[in-house]
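Given next are the chains, with one letter for each unit.
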Amino acid sequence: MELVARIAPEVSLKSSKVCRAFVRKLVKNIKDACVSHGFEVVIRPDGGRLRIETDDIACLPVLQRIFGLHSVSIIDISCSPDLAAMRQTIKMHY
């Protein structure tokens with residue numbers, strides 16, 4: 001299962017060096033929190049968001065309590081960033 005977490009908006013106001021350091025610390029905090037609750041996660045930074053892969057949806061409440069995350073959402077549907085693929089995905093699901 002894949003989740004997307006929005007990083008707190010204040011981070012984007014910082015310099016790129018500070019922003020990178022904050023994101024590194026945030027990723028470490030997420031991994032530590034999930035491991036301490038028995039969840040395995042894979043985290044990939046994606047712009048102002050973090051993509052989090054996990055096998056257990058029960059980690060969602062743990063993620064929602066982590067300082068520095070604005071919101072955490074479940075990704076139900078994804079497609080390539082191609083307009084034709086987006087149209088096809090929308091037609092299939094809506």
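Here, residues in each chain are numbered from 1, in the same order as that chain's written sequence. Reporting in this predicted model follows two pLDDT cut-offs: at least 70 for local features of residues, and 80 or more for side-chain atom pairs to be given and counted; totals over whole chains, interfaces and linings ignore these cut-offs and use all residues. Here the side-chain values reflect all heavy atoms present in the structure, with hydrogen atoms and water set aside.

J.: Would you explain the side chain of Glu2 in this entry?
T.: Only DSSP runs of H or I reaching four residues or more are called helices, and only runs of E reaching two or more are called strands; each is numbered from the N terminus. Counting through the fold element by element, Glu2 comes out in strand β1 (residues 2-7). Pairing of N or O atoms within 3.5 Å defines a polar contact, subject to two protein rules: one partner must be a possible hydrogen donor and the other a possible acceptor, and residues neighboring in sequence count only if both atoms are side-chain atoms. A polar atom in the side chain of Glu2 sits 3.3 Å from the side chain of Arg51.

J.: How do you make sense of the side chain of Thr54 when you look at a structure like this?
T.: Relative to the assigned elements, Thr54 resides in strand β3 (residues 49-54). Burial classification: accessible surface area is computed with a 1.4 Å probe over protein chains only, and a residue below 20% of its type maximum counts as buried, one above 50% as exposed, and the rest as partly exposed. Given a relative accessible area of 3%, Thr54 falls into the buried group. At a separation of 3.3 Å, a polar atom in the side chain of Thr54 contacts the main-chain amide nitrogen of Asp56. Residues are treated as being in contact if the distance between any of their heavy atoms lies within 4.5 Å. Those residues in contact with Thr54, other than ones at most four positions away along the chain, are Met1, Leu3, Glu40, Val41 and Cys59.

J.: I tried to follow the nonpolar core on my own but got confused; where do I start?
T.: As a rule of thumb, nonpolar side chains are buried together in soluble globular proteins. The term nonpolar core refers to a set of buried residues drawn from Ala, Val, Leu, Ile, Met, Phe, Trp, Tyr and Cys, joined through side-chain atoms within 4.5 Å. Ranked by size, the top nonpolar core spans 22 residues in total, and within it Ile30, Leu50, Ile52, Leu63 and Leu69 carry the most contacts. Of all elements in the fold, only β1, α1 (16-36), β2 (41-46), β3, α2 (60-64) and β4 (69-74) reach the threshold of two or more residues within this core. A total of six residues in this core trace back to one element, the largest contributor, which is α1. In this view, Leu69 contacts Ala5, Arg6, Ala8, Leu26, Ile30, Leu50 and Leu63; residues no more than four positions away in its chain are not counted.

J.: Before we go on, may I ask you to explain the pairing of β3 in this structure?
T.: Consecutive side chains along a regular strand alternate between the two faces of the sheet. Burial of the side chains of β3 is restricted to one face: Leu50, Ile52 and Thr54 are buried, whereas none of Arg49, Arg51 and Glu53 on the reverse face is. The pairing criterion for strands is at least two bridges between them, as found by DSSP. Where β1 and β3 come together, five bridges link them in antiparallel fashion. The residue of β3 that forms the bridge with Leu3 is Ile52. Direction of pairing for β2 relative to β3: antiparallel, over a ladder of six bridges.

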